[in-house]
Amino acid sequence: MKRIGFFKSLAGVGVSTLGLSTLSSFSSYDFDLGKIEKFPEHLKGDSLDWDKVRQDFPRQRYEIYMDNASTHPTNIYTAWAVQRITEWTKNDVGEPWWPWWAKSRDEGKKLFAELINADPSEIAHARSTVTAESDMLNGMDLKGGNVVMTDLHYTESIYGYKFREKNNGLEVRMIKCKDWRFSVKDFEPFVNKKTKLIAITLVSNVNGFIARDVKAISDLAHANGAILYVDFIQGVGAVPVDVKAMGIDVAACSTFKWLMGGGKGFGFMYVHKDLQGTVIKPTLSSGGVSFNYAPWTDNPDPTKPDIIWHEVTGPGMYEVSYPNYEGVIAAHQSLRYILDLGVDNIQKHNRALTDRLLKEMPRIGYPTITPPDNNSPIVVFEAKDPKETMRKMKSAKINVAMRFGNKMRISPSVYNNMADVDRLLEVLS
Ligand SMILES: Cc1ncc(COP(=O)(O)O)c(C=O)c1O
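Residue positions are counted from 1 within each chain, in the order its sequence is given. Residues qualify for local features only when their pLDDT is at least 70, as the model is predicted, and side-chain atom pairs are given and counted only at 80 or more; totals for whole chains, interfaces and linings, by contrast, use all residues.

> Honestly, the pairing of strand β5 (residues 195-201) in this entry has me stumped. Any pointers?
In regular strands, side chains alternate between the two faces of the sheet. Counting buried residues in β5 gives seven out of seven residues, a clear majority hidden from the surface. Each pair of strands is called paired provided DSSP finds at least two bridges between the two strands. The helix and strand labels rest on DSSP assignments: H or I over at least four residues marks a helix, E over at least two residues marks a strand, and numbering proceeds from the N terminus. As defined by bridge partners, strand β3 (residues 146-150) adjoins β5 across four bridges and the pair is classed as parallel. Its bridge partner lying in β5, Val147 is registered against Leu197. Judged from the five bridges that link them, β5 and strand β6 (residues 227-231) form a sheet pairing that is parallel. Following the sheet pairing, Leu197 is matched in β6 by Ile227. Labels follow a simple rule on C-beta atoms placed from the backbone: if 20 or more others lie within 10 Å of a residue's own, it is buried; if 12 or fewer, it is exposed; otherwise it is partly exposed.

As structure tokens, then:
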């Protein structure tokens, strides 16, 4: 079977019906991700077909899955690419595949930059959101300063600030959100000339609240000589992000949520070019060395020192070692998919589903803690009897999350449809 033929059949029947023997009949040499331009045609313009998008995600065949804020399933194209690299590690391994992997690495960064309106020279690979935030803090001069954040920031990250209060002399200033939301007004009394940074989560994992006045919060930070860090793992890919228009200085995410990227432990970090190496110093000692003397070289260059140190500049200064290959490959494919589909379309599609949930759930006894007119794909409702609610969901094969005791989080995505929402409402009614 020719590669494109294989790809077409994969699009038609779904990856789950493909045997490994089919996959292993491909040698690594004919596998060129960069050449697979036969990407689905149902993602764009007049051809946009949500039923076909639904078929791209086999997860929906078995159950109703609306827990994308926990982990987003991959589409068949991304899954195929990841399976292919697994085949490569099993059967081939070595240099021949390198150019294609490196191409995916570079293309992925470019596509991610496009997605958030940054320059590729501002994008580093990250091990995870929290790791990137931690690396940023390690590279900053925090002593004697303060950080301002809200209690809707990611809890594990909040602990990271507490840790630095204890060990690095950083004062933690926590805003207790009223009505499950915040605005720039809430920050004003807390920010002063000693503020080193404001840290916010673009879309809250707790209730889906989407920060609305990011630019005003950025202006407040900048007016006080501070920077703005944004955890955008629950937004990027599902809601529009423009780091320049929003005045974001540093941001990070993993790819396993709204970037539909596959495994955990891989993501992206954005660092504004003016901050690289200065306000945000590298802490990973990214660089190399060459020896300009025998026996290392037959022709030492007398104009150069014996030991030549090579410092990494640009966003690579925040990276060390190889990135996760599978993460790179998955992210590249998923970013292509997301950009083809268009974030505005994705947001509109999800909004129709969340609007219906926001309208109907309170009527059947589940009040919401998601603020009105919220344009994120996450909606959260309080359950009177969380155990019983989850029992009903489980027996109807509907996946949602119950967090913080009684807070039921529903997070539909591109492959969900109104029938999924209707079924959930029916089960809870
Ligand atoms: C808002 C938010 N930030 C960070 C994380 C953790 O992400 P990572 O594993 O990339 O550090 C999560 C995961 O649920 C999250 O919801």
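Text resumes after the structure shown.
> Looking at this structure, how should I read the packing of helix α7 (residues 129-138) against helix α8 (residues 155-168)?
Packed helix pairs are characterised by how far apart their axes lie and by the angle those axes make with each other. The convention used is that axes are lines fitted to C-alpha atoms, helices contributing only their stretch in contact, and that angles between N-to-C directions extend from 0 to 180 degrees. Interaxial distance between α7 and α8 falls to 10 Å at its minimum, and their mutual angle equals 20 degrees. In this view, α7 runs roughly parallel relative to α8, as classed from their interaxial angle. Seen along the crossing, α7 lies across α8 with a hand that is right-handed. Here Val130, Glu133, Ser134 and Leu137 of α7 lie close against α8, whose contacting residues are Glu156, Ser157, Gly160 and Arg164. Of the residues in the contact of α7 with α8, the class split is two nonpolar, three polar and three charged. Oblique is the label for any angle not covered by the other classes, which are roughly parallel (under 35 degrees), roughly antiparallel (over 145) and roughly perpendicular (65 to 115). Each crossing gets its handedness from the near helix: less than a right angle anticlockwise from the far helix is left-handed, clockwise is right-handed. Whether two residues are in contact depends on their C-beta atoms, placed from the backbone: they are in contact if these lie within 7 Å. When residues are grouped by polarity, Ala, Val, Leu, Ile, Met, Phe, Trp, Tyr, Cys and Pro land in nonpolar, Asp, Glu, Lys and Arg in charged, and all others, Gly among them, in polar.

> Would you take a moment to explain the sheet that holds strand β13 (residues 401-403) for this structure?
Each strand in a sheet pairs with its neighbour through backbone hydrogen bonds, running either in the same direction (parallel) or in the opposite one (antiparallel). If you trace the three strands from one edge of the open sheet to the other, you get β11-β14-β13, paired in antiparallel fashion. Both outer strands of the open sheet, β11 (379-382) and β13, are each paired with one neighbouring strand and no more. In this sheet, neighbouring strand axes are inclined to one another by 30 degrees on average, regardless of whether the strands run parallel or antiparallel. Both β11 and strand β14 (residues 407-410) contribute to a ladder of four bridges, which runs antiparallel. Paired with Phe381 across the strands is Met408, a residue of β14.

> Where do I start with the sheet that holds strand β4 (residues 171-175) in this structure?
Taking strand neighbours across the sheet as the criterion, the seven strands line up as β2-β8-β7-β6-β5-β3-β4 in an open arrangement whose pairing is mixed. Each edge of the open sheet carries a strand with a single partner, namely β2 (123-126) and β4. Across the sheet, the mean angle from the axis of one strand to that of its neighbour is 20 degrees, orientation sign disregarded. Across five bridges, the pairing between β3 and β4 is parallel. Each residue of the ladder has a partner; that of Val148, found in β4, is Arg173. Relative to strand β7 (residues 250-254), α7 is tilted by about 155 degrees, and along the sheet it contacts β2, β6, β7 and β8 (267-271). Across the sheet, α8 touches β3, β4 and β6, and the angle it forms with β4 is around 145 degrees.

> How should the nonpolar core be read in this particular structure?
Across soluble globular proteins, nonpolar side chains have a tendency to be buried as a group. Remark: nonpolar core denotes a set of buried Ala, Val, Leu, Ile, Met, Phe, Trp, Tyr and Cys residues whose joining runs through C-beta atoms within 7 Å. If you look at the biggest cluster of nonpolar residues, it comprises 107 residues, and the most contacted ones within it are Ile198, Tyr229, Val230, Ala251, Met269 and Tyr270. Tallying contributions element by element places helix α12 (residues 325-341) first for this core, with eight residues. What marks off one domain from the next here is an automatic or database domain assignment. Counting the residues that make up this core, at least three belong to each of domain 1 (108-285 + 314-337) and domain 3 (343-428). Here Ala251 is in contact with Tyr229, Val230, Phe232, Val243 and Tyr270, once residues within four sequence places are set aside.

> How do you make sense of α7 when you look at a structure like this?
In an α-helix, one full turn covers 3.6 residues, which means residues spaced three or four apart are oriented alike. Judged by how many residues are buried, α7 sits mostly within the fold: seven of 10 residues are covered. Every buried residue belonging to α7 is among Thr129, Ala132, Glu133, Ser134, Asp135, Met136 and Leu137, and all of these are buried. Residues of α7 that are buried in the fold lie against β2, α8, β6, β7 and β8.

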